[in-house]
Amino acid sequence: MGSWTQIESKGYLTWVGQTNSISLTVIPSLGSKVASLLNRKTNREWLWRSGKPLGNTGFGSSFATGDESGWDEMFPSINKCFYPEKPWQNQMIPDHGEVWSTEWSSQCRGDELHCRVNGVHFPYTLEKVYSFAAEDTLRIDYNLKNHSLSPFSFLWAAHPLFQVREGMILNVPNDMIEIEISYSERQRLGVFQDRKSWPLIQTEIGRVDLSMIEPAEGKYAEKYYFTNKVKHGWAQLSDPATGEAVTLRFPPEQVPYLAIWANYGGYGGHYHFAIEPATGKMDDLAHAIRQNEAAIVEANGEYRWFIEVSIN
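Just so you know, these numbers come straight off a predicted model, no measurement behind them.

### So, the pattern of salt bridges
Argument step 1. Summed over all chains, the structure comprises 21 salt bridges.
Argument step 2. One salt bridge connects Lys 33 with Asp 67, and the closest N-O pair in it is separated by 3.0 Å. On the criterion of sequence distance, the pair formed by Lys 33 in strand S4 (residues 33–39) and Asp 67 in the loop between strand S5 (44–45) and strand S6 (71–74) is long-range, its members being 34 residues apart.
Argument step 3. Residue classification places Lys 33 among the buried residues on the basis of a relative accessible area of 3%.
Argument step 4. Taking the shortest distance from any N to any O, the salt bridge between Asp 239 and Arg 44 comes out at 2.8 Å. Taken together, the positions of Asp 239 in strand S21 (residues 234–239) and Arg 44 in strand S5 put the pair 195 residues apart, joining distant regions of the chain. Side by side, Asp 239 and Arg 44 carry an identical accessibility label, which is buried.
Argument step 5. Among the charged side chains, a network of salt bridges with common partners joins Glu 178, Glu 180, Arg 195, Lys 281 and Glu 293.

### Quick word on unusual backbone geometry
Argument step 1. Looking along the chain, the bond that leaves Lys 86 and enters Pro 87 is cis, with omega of 5°.
Argument step 2. Counting through the fold element by element, Pro 87 comes out in the loop between strand S7 (81–83) and strand S8 (91–93).
Argument step 3. In this model, Trp 198 is joined to Pro 199 through a cis peptide bond whose omega is 10°.
Argument step 4. Phi angles above zero are rare outside glycine, and Asn 43 is one such case at about 65°.

About the criteria used
- Residues numbered from 1 in each chain as written.
- Predicted model: local features only at pLDDT ≥ 70, side-chain atom pairs only at ≥ 80, totals over all residues.
- Heavy atoms only, no water.
- Salt bridge = Lys/Arg side-chain N within 4 Å of Asp/Glu carboxyl O.
- Helix = DSSP H or I, 4+ residues; strand = E, 2+ residues; numbered from the N terminus.
- Buried < 20%, exposed > 50% of the residue type's maximum accessible area, 1.4 Å probe, protein only.

By themselves, these observations are geometric and do not establish any function.
Written out as structure tokens, the structure is:
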């Protein structure tokens, strides 16, 4: 259904995968970042680019010192924190995790692209396989292998930074009606762990509809999780002006949480929006473990999940 070609682009070996409907580029040496996700029929680029040169400043660096563009993998934490449990107690996990700033190996097998990385401070291997479930649908299958004799707690989240404009709409299942705040610039939505109704929130400056993409006014940036575990694993970002949409689907049993990152200029002056299916809740792994909201891969075990992305 799809095909893969390896090219050199901007100094990096890059895999280009495409069907008649969609095209994507993956850069293995940059954390297997997806740098582009294109609707070939309309020529719409869905992933946001910061304008900074592609690349990062190496393992353990701050995400903000890199290009901050496209779609990165966040694992085994999002926020920088210390792992709280033995036998890795007090081992530091860098900002946005270990794997986004680490080179992955890659290999094309037929119509699949296989990418793989080993842990730096923890004994795991994370693998993902890109394929096409349909002409308009990218599928990524993940497999986490724990090579130790102890259970390993982790938090994985997808981090696709989408290009947006005012008036686009976030659609989620109807039973998702409450959120928990992880971060809110100027505390517009509240402080860490505050719970609020979704999508309508009353703030000090008026009512906000979180399902509507706001203008880039340089004021706000928010990260929140839907409070309850998801029952229906999907979320969609649609553009009423063109009729286009990007839809993410994921298995609730293995990926039970959904987070949203909405940056309307409040962080770094950037304007983008991310739908983030996650295996744990709230960006700090140590916090998730304390709240019993982290995923666990058993000793010498595996943990598998997937995400499908449809572009229409």
